[in-house]
Amino acid sequence: MSKRSSLASPPARFLLPALLVLALGGCQTTGLEDVTGALGGGSKSEPAATADARPMDALRECYRAKPSDPNVALEYGKALRESGQRAQAVAVMEQAVLAHPSNKALLAGYGRALADNGNFQQAFDVLSRAHTPEDPDWRILSAQGAALDQLGRNEEAQQYYAAALKIVPDEPTVLSNLGLSYMLQNNLSKAEQVLGRAHQRNQNDARVRANFALVLGLQGREAEAEILVKADLPPDQAAAKVTALRQLLSKKQQQRAEK
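An account of the accompanying structure is given in this report. (Residues numbered from 1 in each chain as written. Predicted model: local features only at pLDDT ≥ 70, side-chain atom pairs only at ≥ 80, totals over all residues. Heavy atoms only, no water.)

Regarding helix 4 (residues 56-65)
For helix 4, the set of buried residues is Met56, Leu59, Cys62 and Tyr63. Each buried residue of helix 4 sits inside an arc of 125° when the element is viewed along its axis, so together they form one side. In helix 4, the exposed residues that point more than 90 degrees away from the buried face are Asp57, Arg64 and Ala65. Buried residues along helix 4 sit against helix 5 (70-82) and helix 6 (86-99). (Buried < 20%, exposed > 50% of the residue type's maximum accessible area, 1.4 Å probe, protein only. Helix = DSSP H or I, 4+ residues; strand = E, 2+ residues; numbered from the N terminus. Arc of directions from axis to C-beta. Contact = heavy atoms within 4.5 Å.)

In structure tokens form, the structure reads like this:
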């Protein structure tokens with residue numbers, strides 16, 4: 001978390017880890033995708049196989065047997081990311097990209113691993129090579145925007161989200177990222193408008209719901225926010241989410257009082 005904190009603007013240092021708690025119930029993963037869904041599954045740059053298809057040990061052995069196979073490296077790198085071994089994921093993906101520098105799927109995976117590891121500027125640069133202006137990938141555009149938000153470059157980030165939305169109008173994950181970007185600028189009314197659209201489009205996405213709940217809570221509408229974060233959850237999980245939200249809002253109030 002320290003790398004992220006040193007690069008993000010003050011609002012980002014406060015909001016992004018808290019969003020993680022709300023969306024994932026305290027999971028220790030802090031990657032770009034996990035916070036925002038910015039480079040979610042189904043990208044045209046990625047194979048259909050998932051890291052869960054084989055146990056980690058089998059993936060490791062397969063990688064050792066075929067370290068030059070780009071698909072194996074990509075799958076193993078993803079499994080490392082999902083298990084929290086971020087530095088190792090970066091190392092695996094870096095070697096794969098060195099061996100296959102024009103492979104856009106590997107570049108996308110490498111960018112994701114770098115973002116997970118807190119290397120946001122490098123992640124942005126690598127992701128820029130993972131697609132072209134002639135054939136843009138909206139998921140990568142959204143991921144680039146999220147990296148820029150982590151760097152405190154919110155207005156630039158919003159241009160990338162706008163470009164993504166030209167390809168996939170009203171895509172909830174992109175709208176959610178855009179709403180978060182407005183939150184980082186403390187433009188809460190705009191953030192609520194955009195996140196409301198995202199939530200309308202996909203009311204079952206926990207990350208979108210968490211972002212929307214947060215912006216409502218930041219505006220003093222805590223009852224509405226609590227209803228959102230505990231929707232469709234078992235009582236114990238719902239209570240944990242509400243507690244996380246209350247702690248987050250309390251910290252925000254304390255920050256404002258100290259200014």
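Comments concerning the pattern of salt bridges
Counted under the stated rule, the structure contains nine salt bridges. With its nearest N and O atoms 2.5 Å apart, the salt bridge here joins Asp170 to Arg197. One end of the pair, Asp170, is in the loop between helix 10 (154-167) and helix 11 (172-184); the other, Arg197, is in helix 12 (residues 188-201), and 27 residues separate them in sequence. Among the residues examined, Arg197 registers a relative accessible area of 35% and is labelled partly exposed. Through salt bridges with shared partners, a single network forms among Asp170, Arg197 and Arg201. (Salt bridge = Lys/Arg side-chain N within 4 Å of Asp/Glu carboxyl O.)

Section: the packing of aromatic side chains
For the coordinates displayed, the defined rule picks out two aromatic pairs. Relative to Tyr160, the ring of Phe124 lies with its centre 5.5 Å away and its plane at 80°, an arrangement referred to as edge-to-face. Pair noted here: Phe124 is in helix 8 (residues 120-128) and Tyr160 is in helix 10, with a separation of 36 residues, a long-range link. Take Phe124: its relative accessible area is 10%, and that puts it in the buried class. A cation over an aromatic ring shows up here: Arg153 above the ring of Phe124, its NZ or CZ 6.0 Å from the ring centre. (Phe/Tyr/Trp six-rings, centres within 6.5 Å; stacked < 30°, edge-to-face > 60°. Lys NZ or Arg CZ within 6 Å of the ring centre and 35° of its normal.)

A closer look at the packing of helix 11 against helix 13 (residues 206-218)
Closest axis-to-axis distance for the helix 11/helix 13 pair is 10 Å, and the angle between their directions is 30°. Classed by the angle they form, the pair helix 11 and helix 13 counts as roughly parallel. When you trace helix 11 past helix 13, the crossing you get is left-handed. Counted together, Pro172, Ser176, Leu180 and Met183 of helix 11 and Arg207, Val208, Asn211, Leu214, Val215 and Leu218 of helix 13 form the full contact between these two elements. Classifying every residue of the contact of helix 11 with helix 13 gives seven nonpolar, two polar and one charged. (Axes fitted to C-alpha atoms, helices over the stretch in contact; angles between N-to-C directions. Parallel < 35°, antiparallel > 145°, perpendicular 65-115°, else oblique. Left-handed = near helix turned anticlockwise from the far one by under 90°. Nonpolar A, V, L, I, M, F, W, Y, C, P; charged D, E, K, R; others polar.)

So, the environment of Gln200
Inspection of the secondary structure puts Gln200 in helix 12. When the C-alpha positions of Gln200 and Asp170 are compared, they lie 9.8 Å apart, and in sequence the two are 30 residues distant.

So, the packing of helix 10 against helix 11
Where helix 10 contacts helix 11, the axes come no closer than 10 Å and their chain directions differ by 160°. By the angle between their directions, the pair helix 10 and helix 11 is classed as roughly antiparallel. Crossing of helix 10 over helix 11 shows left-handed handedness. Across the interface between the two elements, Asn154, Ala157, Gln158, Tyr161, Ala164 and Leu165 from helix 10 touch Val174, Leu175, Asn177, Leu178, Ser181, Tyr182 and Leu184 from helix 11. Across the contact of helix 10 with helix 11, the residue classes break down as nine nonpolar, four polar and no charged.

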